[in-house]
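Each chain is listed here by its residues.
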Amino acid sequence: MDINIAESTVEGTAQAPPSKSYTHRAVLAAGYADGAVVRDPLVSADTKATMRAVEAYGGDVSLADDGSTVEVTGFDGRPETPDDVIDCANSGTTMRLVTATAALQDKLAVLTGDESLRSRPQGPLLDAIEQLDGDAESTRRNGQAPLVVGGGIDGGAVEIPGDVSSQYITALLMAGAVSPEGIDIDLTTGLKSSPYVDITLEVLADFGVDAEKTDAGFTVEGGQSYAPEGGDYNVPGDFSSMSYLLAAGALAAEDGLRVTSAFPSAQGDAAIVDILDRMGADLDWDRENGEITVSKSELTGVEVGVEDTPDLLPTIATLGAVADGVTRITDAEHVRYKETDRVSAMAEELTKMGAEVEEHQDELIVYGEDSDLVGTTVEGRVDHRIIMSLAVAGLVADGETTVTGAEHVDVSFPEFFDALESLGAAIKR
């Protein structure tokens, strides 16, 4: 599906969608538990993949008709061997988190996904499982899915790099809590995207599981039980998805845009608020009531490192294309290993729209002072974050912008275009 966006102003109130990161972890945590109700989840293509995986391991997942709750009957720390291949679709989070689950059962589970997911690196996690005396192989022996995993790990100590994906750490911590011996994780490099592990520690604590940072990395004791207080867990709003609404406000909301469900949490992508503030956005965050108000502003380019916030790169690049001066996005090499190479994708698509962009292996430089965005056809790259960022750029581009493959916003923000349209954006489907 293609979406056409004409230059528009936006105003009004939009609710941030629930957090994808928290929903993944909460649904799997409920699977590790005897059961739990996950309230206000994000119901998207990615999180549905995690729900299917929980069922594959012997759990039962019931989604309310209105999407307000996910009721999970868990496998109580003892996953069954799946009857069929687990298809993680396009969800890298699902594949990594439930690969460690597969290592807990004695036999073998097979995990795969779509073409994009089958190109993403899984090798360090497979190696970690083998260090724990589990069975973990890539069928193509290239560290990529399809994966065959099992062996009934007991726990132990692992060494693993922290600069490829923090999801490896999350996977090991979540599985380690129900293993007999627990898992000690020794990081052999610095940890990138560390706020996502902070999210994991927060969710584990809310489910009654103790895990902690150490001088070497992280540790989790074995033999623990997942059990949220009262049997319920509430998912907070998602700052990654919120970034597109806030960017739209800063670029096109002459009379202001209010975003709700913006309560503080461990999410690293809450950094978008500080980034917009540094760029000069007219912005106010009422943390107590979870509301952020932002208005169209004269923005100035800044330097931003995305080591811990890789999902913000597309949003920042769009903002930089409209800001005065130069926006330099650094520490970005790991952003190339997402649903697509997001560094190249944003460089190439913004260039099509008239932006002056310079791409390096580890950084993206956007020369907003030399950019004048015009509507054209841009490729969404089957990547929800690329699609939404380019759509925001379309709000301020001269003429009409066509974004291809727009249906893929379903991965994290299914109602994104409905939300933009309700705020006044001129959208044709």
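Asks: Before we move on, can you summarise the sheet that holds strand β1 (residues 3-6) with the specific residues and values?
Replies: Sheet architecture is open: four strands sit in the order β22-β23-β1-β24, paired in mixed fashion. Two strands in the sheet have a free side with no partner beyond their single neighbour: β22 (377-378) and β24 (426-428). With three bridges joining them, β1 and β24 adopt antiparallel strand pairing. Counted as the bridge partner of Ile5 is Ile427 from β24.

Asks: Residue-level account of the side chain of Ser243, with values.
Replies: Within the secondary structure layout, Ser243 lies in helix α7 (residues 239-252). Of the residues examined, Ser243 reaches a relative accessible area of 0% and is grouped as buried. Side-chain polar atoms of Ser243 contact the backbone oxygen of Ser240, separated by 2.7 Å. Here Ser243 is in contact with Ile272, Leu312 and Thr315, once residues within four sequence places are set aside.

Asks: Describe the pairing of β1, and please don't skip the residues or the numbers.
Replies: Bridging between β1 and strand β23 (residues 400-403) involves four bridges; their strand directions are antiparallel. The residue bridging Ala6 from the neighbouring strand is Glu400, located in β23.

Asks: Pulling in residues and values, what's your account of the packing of aromatic side chains?
Replies: Under the defined criterion, the tally for this structure stands at nine aromatic pairs. Centroid distance Tyr32 to Phe75: 5.6 Å. Interplanar angle 75 degrees. Geometry classified as edge-to-face. Separated by 43 residues along the polypeptide, Tyr32 in helix α1 (residues 20-32) and Phe75 in the loop between β5 (69-73) and β6 (86-87) bring together distant segments of the chain. Residues Tyr32 and Phe75 agree in their burial class; the two are buried. A ring pair is formed by Phe207 and Tyr233, whose centres lie 5.5 Å apart and whose planes are at 35 degrees; its orientation type is tilted. Of this pair, Phe207 sits in the loop between α6 (194-206) and β12 (211-213) while Tyr233 is found in strand β14 (residues 232-234), placing the two residues 26 residues apart along the sequence. Looking at Phe207, the relative accessible area reads 0%, which means it is buried. One aromatic cluster is present, built from ring pairs that chain together Tyr32, Tyr57, Phe75, Phe207, Tyr226 and Tyr233.

Asks: Now, about the environment of Tyr226: what can you tell me, with residues and values included?
Replies: Mapped onto the elements of the fold, Tyr226 is located in the loop between β13 (217-220) and β14. Spatially, the C-alpha atom of Tyr226 lies 37 Å from that of Ile387, the residues being 161 residues apart in sequence. When neighbours within four sequence positions are excluded, Tyr226 is seen to be in contact with Ala29, Tyr32, Ala33, Asp34, Leu173, Met174, Ala177, Val178, Leu204, Phe207 and Val209. Of the polar contacts made by the side chain of Tyr226, one reaches the backbone oxygen of Met174; its length is 2.7 Å.

Criteria and thresholds
Residues numbered from 1 in each chain as written. Predicted model: local features only at pLDDT ≥ 70, side-chain atom pairs only at ≥ 80, totals over all residues. Heavy atoms only, no water. Pairing = 2+ DSSP bridges. Helix = DSSP H or I, 4+ residues; strand = E, 2+ residues; numbered from the N terminus. Buried < 20%, exposed > 50% of the residue type's maximum accessible area, 1.4 Å probe, protein only. Polar contact = N/O pair within 3.5 Å; in protein donor to acceptor, adjacent residues only side chain to side chain. Contact = heavy atoms within 4.5 Å. Phe/Tyr/Trp six-rings, centres within 6.5 Å; stacked < 30°, edge-to-face > 60°.

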